[in-house]
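Here is how the chains run, residue by residue.
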Amino acid sequence: MTYNLTVRPEGAVFVIGGTGGAGSAIVRAFAKTGANIAFTYNSNERKANALVEELASDGVRASANKLDITDLKAVEGCIAEVVERYGHIHTVIYASGPMWDNTLQLADVKPSFMEFLVKTELFGFFNVISATKEQMRANKGVITVCTSFGNARRFDRDGQSAVPKAGLESMALYLAAEEAVYGVRANVVRLGWFNFGMGAIDKAEAELDDPGRAMTGGDAGAEALEWMTSRIRLGNRPGRGEELASMVLYLSSEQASYVTGQITCVDGGISL
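Residue indices follow the written sequence of each chain, beginning from 1 at its first position. Selection of residues for local features in this predicted model requires a pLDDT of at least 70, selection of side-chain atom pairs for listing and counting requires 80 or more, and totals for whole chains, interfaces and linings are taken over all residues. Hydrogens and water are ignored here; the side-chain numbers use all heavy atoms of the structure.

A. The side chain of Glu169, seen in detail. Helix and strand assignments come from DSSP, with helices taken as H or I runs of at least 4 residues and strands as E runs of at least 2, each series counted from the N terminus. On the secondary structure map, Glu169 appears in helix α5 (residues 159-179). Within the local environment of Glu169, its side chain forms a polar contact with the side chain of Thr147, the two groups lying 2.7 Å apart. If sequence neighbours within four positions are ignored, Glu169 has contacts with Thr147, Ser148, Asn151, Val188, Arg190 and Ile263. Counted as a polar contact is a pair of N or O atoms within 3.5 Å, where, for protein atoms, one must be capable of donating a hydrogen and the other of accepting one, and residues adjacent in sequence contribute only when both atoms are in side chains. Contacts between residues were defined by any pair of non-hydrogen atoms, one from each residue, lying within 4.5 Å.

Right, dumping it as structure tokens:
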């Protein structure tokens, strides 16, 4: 896929969760525009290094930082390092999130685990915003937050994902409203079922992330795959990474300079 969108060549795009299925697709999309890219990862150093090497072979400046976004000091240190390397940050993309047990109804989730989910997503992302606010304000920055179609249409056992992400959406809309005075834009992209991460439909795709986590694997299996795909109106199939990345890239581009405070679904119509 060829991208003909304009992303600022100076400074850097900062992607939270760049080694995940969503994040790596987004990183590769930005790379095709010639943008400089700094991305974070939680634990998969091998995959992070491989992605940096892949981008470098295409002439793209990229770097990977291991980061726990719930640690504010670590986040601030990471941002300082990225700014020192690239001069400034003009775009922040949140494409991360912890895995969860898709066999449980929301009320059956242990409070300690729900606390973990909220802390990781909501407080973690807030740490990123706190640490990058001066960069965003000084550079008329762009913030794009990837969330879940589960906040457009309710599905059983999806609350562990959707509830914390509802907070992310609210935060993004407030940022769009309050930071517009600085020229900052903020938008949300709700993901549907994609062929990566928990939604991977084949072993090869699952192994790109973590084969033990796929919803279509041991816990949910073929029944979950059939149930979900039957509700996807466009082709009855999961989405591909580049289909998500195209929307994220557009919202971050100069072509979307008048777009802010919007929630967009990239879900093949499953939320309809």
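Having seen it, we continue.
B. Up close: the nonpolar core. Within the largest apolar cluster, 33 residues are counted, with the highest numbers of intra-cluster contacts made by Ile26, Phe30, Ile37 and Leu244. Among the elements of the structure, β1 (12-16), α1 (21-31), β2 (37-41), α2 (45-57), β6 (185-191) and α8 (241-252) are those that each provide at least two residues to this core. At 7 residues, α1 tops the list of elements feeding residues into this core. Beyond its immediate chain neighbours, meaning those up to four positions away, Phe30 contacts Val7, Val13, Ala35, Ile37, Thr91, Ile93, Val248, Leu249 and Ser252. Take the buried residues of types Ala, Val, Leu, Ile, Met, Phe, Trp, Tyr and Cys, join any two whose side-chain atoms come within 4.5 Å, and each joined set is a nonpolar core. Categorising residues by exposure relies on relative accessible area from a 1.4 Å probe, with only protein chains included: less than 20% of the type maximum marks a residue as buried, more than 50% marks it as exposed, and the intermediate range marks it as partly exposed.

C. Up close: the packing of aromatic side chains. For Phe, Tyr and Trp, rings pair up if their centres lie within 6.5 Å, where Trp contributes its six-membered ring, and each pair is then called stacked (planes under 30 degrees apart), edge-to-face (over 60) or tilted (otherwise). A complete count under the given rule lists 2 aromatic pairs for this structure. Ring centres 5.3 Å apart and planes at 65° place the aromatic pair Tyr94 and Phe125 in the edge-to-face group. Pair noted here: Tyr94 is in strand β4 (residues 89-94) and Phe125 is in helix α4 (residues 111-138), with a separation of 31 residues, a long-range link. According to the relative accessible area criterion, Tyr94 is buried, its value standing at 0%. Look at Phe125 and you get buried, because its relative accessible area is 0%. Here the aromatic rings of Phe113 and Phe116 are separated by 5.6 Å at their centres, their planes lie at 35°, and the arrangement is tilted.

D. Quick look at the side chain of Gln160. The topology assignment puts Gln160 in helix α5. The class for Gln160 is buried, based on a relative accessible area of 2%.

Such coordinate-based values are descriptive only and should not be taken to indicate function.
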